[in-house]
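The primary structure of each chain is shown beneath.
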Amino acid sequence: MSIIGTELLMGAGTDEGYQVGSSAAFDSAANFSRTLGTATNRRIWTFSTWFKQGYYLPGNSMVLSTGGVNSVTSYTRIIFNPGGSWAFYDSLNPTTVTFANVCYDTSAWLHCVFAYDSTQSVAADRLRFYVNGTEISGSGTVPSNLQSFINSSNPHQIGCFLGNSLPTRGYLAETYFIDGQQLSPTAFGELDDDNNWQPIGYTGSYGVNGFYLNYSNNSTVNNLGLDYSGNSNNFTGNNMTVTGYYTNSTVDSPTNANSASASGGQLSGNYCTPNSLDIGAAPFTFDYSGRRFLKSSGPFRTMRAIQTIPSSGKWYWTVTPLVFPTGSGSSFGICLETTALDQGLGQDTTAWGYRFDGYKWNSNSLVTYGSTYGINDEIGVAFDADAGTLTFYKNGVSQGVAYTGLSGTFIPAFALSYNSGQSGALANFGAQPFSYAVPSGYKLLCTSNLPNPTSEAGTSYFHAQRYVGNGATQTVSGLPVAPDFVWIKSATNTLDHFLFNDLRGPTKYISTNASIVETTGSTTLTAFNSDGFTLGAAGGVNLNTAGFMSYLWDAGGSTVTNNTGTISASVRANPSSGFSILYYKGNGTANQTVGHGLGVTPQFIFTKALSRSSDIPVYHSGLTAGNTLRFNSTVAQTAYTGYWNSTFGHTSSVISIGSDPDVNDGVAGQYNLAFVFAPVEGYSVFKTYIGNGSNEGPYVHTGFRPRFLIIKNMDVAGFNWLMLDGVRSINVSPYLLQANTSDAEANVSINFFANGFRPNEANSRSNGSYVKYAVIAFADFPFKYARAANGQRDNNGNR
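Residues numbered from 1 in each chain as written. Predicted model: local features only at pLDDT ≥ 70, side-chain atom pairs only at ≥ 80, totals over all residues. Heavy atoms only, no water.

## Considerations on the overall build of the chain
Quick note on the threshold: Working definition: helices are DSSP H or I runs of at least four residues, strands are E runs of at least two. Numbering for both runs from the N terminus. Within these notes, the globule rule equals 2.2 Å times the number of residues to the 0.38 power, and the radius of gyration is based on C-alpha atoms. The contact criterion used is simple: two residues touch if any of their non-hydrogen atoms lie within 4.5 Å. Only the protein chains shown count as cover for residues, and all accessible areas are computed by the Shrake-Rupley method using a 1.4 Å probe. Under the counting rule used here, the positive set is Lys and Arg, the negative set is Asp and Glu, and His together with the chain ends is not counted. By convention, the charge on Lys lies at NZ, on Arg at CZ, on Asp at CG and on Glu at CD.
Across its full length, the chain holds three helices and 60 strands. Against the globule reference of 28 Å for 799 residues, the chain gives a C-alpha radius of gyration of 28 Å, in line with a compact fold. Principal axes of the C-alpha set define a box for the chain whose edges measure 85 × 75 × 45 Å. Look at the contacts in the chain between residues 6 or more apart in sequence, and 68% of them connect residues 24 or more apart. With the model as given, the accessible surface of the chain reaches about 25000 Å², and the carbon-plus-sulfur share is 47%. Of the side chains in the chain, 39 bear a positive and 47 a negative charge, and the two mean positions are spaced by 4 Å.

## Points about the pairing of strand S46 (residues 604–609)
Filter applied, for reference: Throughout, exposure labels follow a simple rule: accessible area from a 1.4 Å probe, protein chains only, divided by the maximum for the residue type, with under 20% read as buried, over 50% as exposed, and the rest as partly exposed. The criterion for strand pairing is that DSSP finds at least two bridges linking the strands in question.
Within S46, six of the six residues are buried, leaving the element largely enclosed by the surrounding structure. Residues Phe604, Phe606 and Lys608 point to one face of S46 and Ile605, Thr607 and Ala609 to the other, with burial holding for every one of them. Bridge analysis of S46 against strand S47 (residues 617–620) gives three bridges, and the strand direction is antiparallel. Across the sheet, the residue bridging to isoleucine 605 is tyrosine 619, located in S47.

## As for the pattern of salt bridges
Rule in force here: Salt-bridge detection follows one rule: a side-chain nitrogen of Lys or Arg within 4 Å of a carboxyl oxygen of Asp or Glu.
By the definition in use, this model includes 16 salt bridges. Residues arginine 291 and aspartate 27 are paired through a salt bridge, measuring 2.2 Å at the closest nitrogen-oxygen approach. Placement of the pair is arginine 291 in the loop between strand S19 (285–286) and strand S20 (292–295) and aspartate 27 in the loop between strand S1 (23–26) and strand S2 (31–35), with a sequence separation of 264 residues. Owing to a relative accessible area of 3%, arginine 291 belongs among the buried residues under this scheme. For the salt bridge of arginine 504 with glutamate 518, the shortest nitrogen-to-oxygen distance reads 2.8 Å. Of the two residues, arginine 504 sits in the loop between strand S36 (498–501) and strand S37 (508–510) while glutamate 518 sits in the loop between S37 and strand S38 (519–520), which places them 14 residues apart along the sequence. Exposure remark for glutamate 518: the relative accessible area of 18% places this residue in the buried category. Members of the salt-bridge network, linked through shared partners, are Asp27, Asp287, Arg291 and Arg292.

## Considering unusual backbone geometry
A positive phi angle, close to 65 degrees, is found at asparagine 145, a residue other than glycine. Mapped onto the fold, asparagine 145 is located in the loop between strand S10 (134–136) and strand S11 (155–158). For asparagine 195, which is not glycine, the phi dihedral falls at a positive 65 degrees. In this structure, asparagine 195 sits in the loop between strand S13 (189–191) and strand S14 (197–199). What makes asparagine 195 exposed here is its relative accessible area of 51%.

## Examining the nonpolar core
Quick reminder of the rule: Take the buried Ala, Val, Leu, Ile, Met, Phe, Trp, Tyr and Cys residues and link them wherever side-chain atoms come within 4.5 Å; each set so joined is a nonpolar core.
In terms of nonpolar packing, the biggest core is built from 58 residues, with Phe485, Tyr551, Trp553, Phe606, Phe631 and Phe677 touching the most fellow members. Once residues lying within four places of it in the same chain are set aside, the contact partners of phenylalanine 485 are Leu499, Phe500, Asn501, Phe528, Tyr551, Leu552, Trp553, Phe579, Ile581, Phe606, Phe675 and Phe677.

## Let's talk about the sheet that holds strand S54 (residues 704–713)
With antiparallel pairing, the six strands of this open sheet are ordered in space as S52-S60-S54-S55-S56-S57. Only two strands of the sheet have a single neighbouring strand rather than two, namely strand S52 (684–690) and strand S57 (746–747). Examined bridge by bridge, S54 and strand S60 (residues 772–782) share nine bridges and lie antiparallel to one another. Paired with isoleucine 710 across the strands is isoleucine 776, a residue of S60.

## Observations concerning the packing of aromatic side chains
As a reminder, the rule being used: Classification of ring pairs uses Phe, Tyr and Trp, with its six-membered ring standing for Trp, and accepts pairs whose centres are within 6.5 Å; under 30 degrees between planes counts as stacked, over 60 as edge-to-face, and the remaining range as tilted. Only Lys NZ and Arg CZ are tested; either one counts as a charge over a ring when it is within 6 Å of the ring centre and within 35 degrees of the ring normal.
Applying the stated rule across the entire model yields 76 aromatic pairs. Look at tryptophan 45 and phenylalanine 177: their rings are 6.1 Å apart centre to centre, the planes differ by 35 degrees, and that puts the pair in the tilted class. Of the two residues, tryptophan 45 is situated in strand S3 (residues 44–53) and phenylalanine 177 in strand S12 (residues 170–179); the sequence distance between them amounts to 132 residues. The same class applies to tryptophan 45 and to phenylalanine 177, which are both buried. In this structure, lysine 52 is placed above the aromatic ring of tyrosine 171, and the distance from its NZ or CZ to the ring centre is 5.6 Å.

## What to know about the environment of threonine 589
Within the secondary structure, threonine 589 is located in the loop between strand S44 (579–585) and strand S45 (592–595). The partly exposed category is assigned to threonine 589, whose relative accessible area is 39%. With 450 residues separating them along the chain, threonine 589 and serine 139 place their C-alpha atoms 63 Å apart.

## Thoughts on the pairing of S3
Burial within S3 is extensive, with 10 of its 10 residues counted as buried. Of the two faces of S3, both are covered, the one formed by Ile44, Thr46, Ser48, Trp50 and Lys52 as well as the one formed by Trp45, Phe47, Thr49, Phe51 and Gln53. Where S3 lies against strand S8 (residues 110–117), eight bridges are found, and the strand directions are antiparallel. Its bridge partner lying in S8, phenylalanine 47 is registered against phenylalanine 114. With eight bridges connecting them, S3 and S12 associate as antiparallel partners. Paired with lysine 52 across the bridge in S12 is tyrosine 171.

## Side note on the sheet that holds S46
Strand order across the open sheet formed by eight strands is S42-S43-S44-S51-S46-S47-S48-S49, with antiparallel pairing between neighbours. Single-partner strands in this sheet number two, and they are strand S42 (560–562) and strand S49 (638–639). Relative to strand S51 (residues 671–677), S44 runs antiparallel, the two being bridged by seven bridges. When the sheet's bridge partners are listed, tyrosine 584 is paired in S51 with asparagine 672.

## Re the environment of tyrosine 442
You can see tyrosine 442 is positioned in the loop between strand S31 (423–428) and strand S32 (443–444). Counting along the chain gives 177 residues from tyrosine 442 to glycine 265, while the straight-line C-alpha distance between them is 8.9 Å.

## What about the side chain of asparagine 31?
Under the convention used in this document: We define a polar contact as two N or O atoms separated by no more than 3.5 Å, with the added condition that, inside protein, one atom must be a possible hydrogen donor and the other a possible acceptor, whereas residues neighbouring each other in sequence contribute only through side-chain atom pairs.
Take asparagine 31: it is sitting in strand S2. A relative accessible area of 2% places asparagine 31 in the buried class. Separated by 2.9 Å, the side chain of asparagine 31 and the backbone oxygen of alanine 29 make a polar contact.

## Structural notes on the confidence of the model for the chain
Condition: Along the chain, pLDDT gives the predictor's confidence residue by residue, from 0 to 100.
Across the chain, the average pLDDT comes to 89, with 91% of residues at 70 or higher. Of the regions scoring below 50 in pLDDT, residues 1–16 engages in 54 contacts with residues more than four places distant in sequence or in other chains. Across residues 791–799, where pLDDT falls below 50, the model places 32 contacts with residues more than four positions away in sequence or in other chains.

## Points about the environment of phenylalanine 410
Locating phenylalanine 410 in the fold gives a position in strand S30 (residues 410–416). Residue classification places phenylalanine 410 among the buried residues on the basis of a relative accessible area of 1%. It is 8.3 Å that separates the C-alpha atoms of phenylalanine 410 and serine 311, two residues lying 99 residues apart in sequence. Setting aside anything within four residues of it in sequence, one finds phenylalanine 410 in contact with Thr308, Ile309, Ile334, Cys335, Leu336, Trp352 and Phe383.

Written out as structure tokens, the structure reads:
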């Protein structure tokens, strides 16, 4: 008997101790069904499950449904709709309650609870819906005392409607049904110490028809649907298998295992999958879990996976061809995030593939390499990030090292083509068993094996918080950061940006949208506190009833004198978070250096001359050498050597500046500020991406769910600095501020995910064709721990 699941994986070693070891993947018409022995309370019940979306394409996912002989008049459905909304529908009234903008994310798990009690006097209380512990408002209400067909004598299905229609597109784990109680999500989950939602074991009563499916017993198909509530309300598995490539039993899970595997071991965690949002122009067709993908005849198209490969360690996955027309040039391997997808995997200099005909393919050069392969051959891809080598396997046999000297951030990739007929394959990153042994020393691409980030939550060093002005004084408190740098902007009103830092002290501010001198406002920010900040009555930061966003960074808490460079500076530095603030007296001389105290080379810097109405020069690692940007301007990157010292360049100990007074004011007694940032894995990233000019933009990996994101068009003048955050709505239409304007928030179509973001607009501000964009991003949660990004929060930024 083969059993996987919670009961075998419990133990110490994680934040909360409770682990989920298994899930069910829904492919084709796979589903579980059961007809209740006794109909009970149809007015009061709770349904709870963890859900991972398999791919993003139009189509409904039926998660729980009931249907009798007359399907038109006797059914209830809980359904995940296209565009990321969830809905409850009952045919009796008929009644629909929709919860919009909930989840657009295919990279991670989220927890959903439907709590139903139609006897409640308040209409909004009759159906309450929660995602990751937070209640989501819906449109529509349930009529008083409506008897749903859930808990009726009609057949009940998990994973489809009426046998085979509207199948679930993804994975389910920890599925509970509670008969006769309307429960809150805290019966099934809790926030950990970092405010991340985690599953817990349910300890209450189930009622007569209650059940708990953890999908842990994969000895037979029907055992996969065993009820672990103690009620023996078991479900029958239909159109399912527990063996082979198509197994519906997986260890894909919303929790990480106790420890990473030493070598190739299958363990629970959030597994890498093909990325349906990161494909070439011709769309792929996916099976419902997203593991299997097809492409019709036509030119080459490449698709990347959902996860980047860590920069160290040895990593392994497999691809199995399922449909393979003669003459196909299909290939599998790795590529960079910038690799063009409208071609084969190997036509680009930044893609490395192994073709069906045995050739290895890079830079559009075919070189004799290994055996040919075809349908049902298991092709292993083994990438050694430490050695920089890529090796391929066919049915467990190494074909030898294909490529050496590889360095960079790589992503698993798949190219399908070509000529006539369909081509297709199944990708397995380890959530289901392999047919052949994993090479010694290699690990699988799942969150349990990812390196531990500096912090389990980005909010340890950075926090974004919404507050409402009161026109008097107020303290914004209870925040996880003791801030040294606070950036405030009204979201609802046309007001300037206010930037305060503890090196200069409270009440002193600069602005990114106005070329002003450092200004003292006695009723602006009046104190930096250990858990937030205190405000006076100034309208710019505390206008009565206005909504404000505040962005807070921790720079370490103590100021030291740094004499490392040619110019001495007062520095407050936090090497753990890659952030420091520099206060220095300029000398107006070219080729100067200032120590920053971070120990690694910075990738994002902006400066301000405090006594001059000056520009705000910006350095970003994606700039062309010798170029610069300006925070207070819409100019594109321009060549100018007066800001950044082209002789020395920035290093792990100093920033290098020129003679321009905006960075190096030489007037006697005048000072400059510099804000210096270096990347920290899982917390911050400073990179670029290339737009594609489409309403379906490029998928940009950050390695975390963003809490704060800045985007700037680097190539074309006239476009603003876009500021987005994970506090306001973050999926279909998140709200936008602009660093160089005083404008109130506006809508923009940029979607956040558990490991990155995607611009979904053909607009040159974020996604012009072949345009380069600068990215500055800070984490909400690193991908190792992140939940799927959902699109609704309360006024304090909580999900």
